[in-house]
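# Fold and contact review
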Amino acid sequence: MKHYAFLLCLGLAACGGENPAPSAVSAPVAVSATTQAASPPIALPTLNMDFSSYAKAANKQLKTSKTGLTIPESAFPTPNSNGGKNMLHDLADGLTLAVETDSDNKIQIVRVIWQPEKNPKQNQQLVKGAAALIAATLPDDPTMPKDVAAQINLAATSKDAREFVRGGIAYKVASTNQPSVMLTAKPE
């Protein structure tokens, strides 16, 4: 929107506020297109893993945690308008995984949304699943699943956001007003 307002102001200034001639309108558009093409997209930091490595580690964590959940092969990132890729998949009722990658499939952020269930057994399965999905970003740390599950329970009961850094990855577990808990993992 700011871009179009800038073009309108530029066009009016070039014409002295009068109705522009057809050649005056095309000049600012050409300058704008050149400016956009010249500025490269800002590269965001990435985790030290691509999506397929993450999915493999996550499925291993999900199996070890005995959740009965998996990331199917059909769930993979697809191109977005920012030059990167996105993947959004509901692993179960109440558990959603979102992953953003750069154009090389290197992970920029992992988000997990857990919706509490009334059934305690189902609820515990979803907490274990959410913890496993976040713990998979640091697959060589065997304490991550239990630590993340504890942070989920604290965030759900206290309604306070829990933040910690481990292995160069910033983690956040925050209770929302839905009620749900959103977990994120991204480079520090």
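In what follows, the structure referred to is the one given above.
Residues numbered from 1 in each chain as written. Predicted model: local features only at pLDDT ≥ 70, side-chain atom pairs only at ≥ 80, totals over all residues. Heavy atoms only, no water.

## Focus on the overall build of the protein
The criterion, for reference: Helix numbers and strand numbers start at the N terminus; a helix is a DSSP run of H or I with at least 4 residues, a strand a run of E with at least 2. In this description, contact between two residues means that some pair of their heavy atoms is separated by no more than 4.5 Å. Computed by Shrake-Rupley with a 1.4 Å probe, the accessible areas treat only the displayed protein chains as cover when residues are assessed.
If you tally the helices and strands in the protein, you get five helices and seven strands. Once local pairs closer than 6 in sequence are excluded, the contacts in the protein between residues at least 24 apart make up 45%. Total accessible area on the protein is roughly 11500 Å²; 56% of this is exposed by carbon and sulfur atoms.

## A few points about the packing of aromatic side chains
Stated formally: In summary, the pairing rule links any two rings of Phe, Tyr or Trp, Trp by its six-membered ring, whose centres are within 6.5 Å, and it sorts them by plane angle into stacked for under 30 degrees, edge-to-face for over 60 and tilted for everything else. Summary of the burial criterion: residues with accessible area below 20% of their type's maximum are buried, those above 50% are exposed, and those between are partly exposed, where the area comes from a 1.4 Å probe applied to protein chains only.
Summed over all chains, the structure comprises two aromatic pairs. A ring pair is formed by phenylalanine 51 and tyrosine 54, whose centres lie 6.4 Å apart and whose planes are at 45 degrees; its orientation type is tilted. Of this pair, phenylalanine 51 and tyrosine 54 both sit in helix α3 (residues 51-64), three residues apart, which is roughly one turn of the helix. As far as burial versus exposure is concerned, phenylalanine 51 and tyrosine 54 are alike and both buried. Considering the side-chain rings of phenylalanine 164 and tyrosine 171, the 5.0 Å spacing of their centres and the 20 degrees angle between planes classify their relative orientation as stacked. For phenylalanine 164, a relative accessible area of 18% corresponds to the buried category. Classification of tyrosine 171 by relative accessible area gives buried; the value is 3%.

## Details of the packing of α3 against helix α4 (residues 120-135)
Formally: All axes here are fitted lines through C-alpha atoms, helices being fitted over the stretch that makes contact, and every angle between N-to-C directions spans 0 to 180 degrees. Each crossing is labelled by how the near helix is turned from the far one, with a counterclockwise turn of less than a right angle marking it left-handed and a clockwise turn marking it right-handed. Classes in brief: Ala, Val, Leu, Ile, Met, Phe, Trp, Tyr, Cys and Pro nonpolar; Asp, Glu, Lys and Arg charged; the others, Gly included, polar.
Relative to each other, α3 and α4 sit at 145 degrees, their axes nearing to 8 Å. The two elements α3 and α4 cross, and the hand of that crossing is right-handed. Note on element contacts: α4 touches α3 through Gly129, Ala132, Leu133 and Ala135, opposite Tyr54, Ala58, Gln61 and Leu62. When grouped by side-chain class, the residues that make up the contact of α3 with α4 number six nonpolar, two polar and no charged.

## Comments concerning the pattern of salt bridges
Basically, it comes down to this: Salt bridges are counted wherever a side-chain nitrogen of Lys or Arg sits within 4 Å of a carboxyl oxygen of Asp or Glu.
For the coordinates displayed, the defined rule picks out three salt bridges. Put simply, arginine 111 and glutamate 100 hold a salt bridge, and the shortest N to O gap is 2.7 Å. With arginine 111 in strand β4 (residues 107-114) and glutamate 100 in strand β3 (residues 95-101), the pair connects residues that are eleven residues apart, well separated along the chain. Two residues, aspartate 141 and arginine 166, come together in a salt bridge whose shortest N-O distance is 3.1 Å. One end of the pair, aspartate 141, is in the loop between α4 and α5 (144-158); the other, arginine 166, is in strand β5 (residues 162-166), with 25 residues separating them in the sequence. A network of salt bridges, in which partner residues are shared, links Asp141, Asp147 and Arg166.

## A look at the side chain of glutamine 151
Looking at the secondary structure, you find glutamine 151 in helix α5. You can call glutamine 151 buried: its relative accessible area is 19%. With sequence-adjacent residues up to four places away left out, glutamine 151 is seen in contact with Arg162, Phe164 and Val173.

## Comments concerning the packing of α4 against α5
Short version of the rule: Angle categories: roughly parallel below 35 degrees, roughly antiparallel above 145, roughly perpendicular from 65 to 115, and oblique for all the rest.
Running from N to C, α4 and α5 cross one another at 125 degrees; their axes reach a closest spacing of 8 Å. Taken together, α4 and α5 sit at an angle that is classed as oblique. Helix-helix and strand crossings are classified by hand; for α4 and α5 the assignment is right-handed. Listed contacts from α5 to Val127, Ala130, Ala131, Ile134 and Ala135 of α4 are Met144, Pro145, Val148, Ala149, Ile152 and Asn153. Grouping the amino acids of the contact of α4 with α5 by side-chain chemistry returns ten nonpolar, one polar and no charged.

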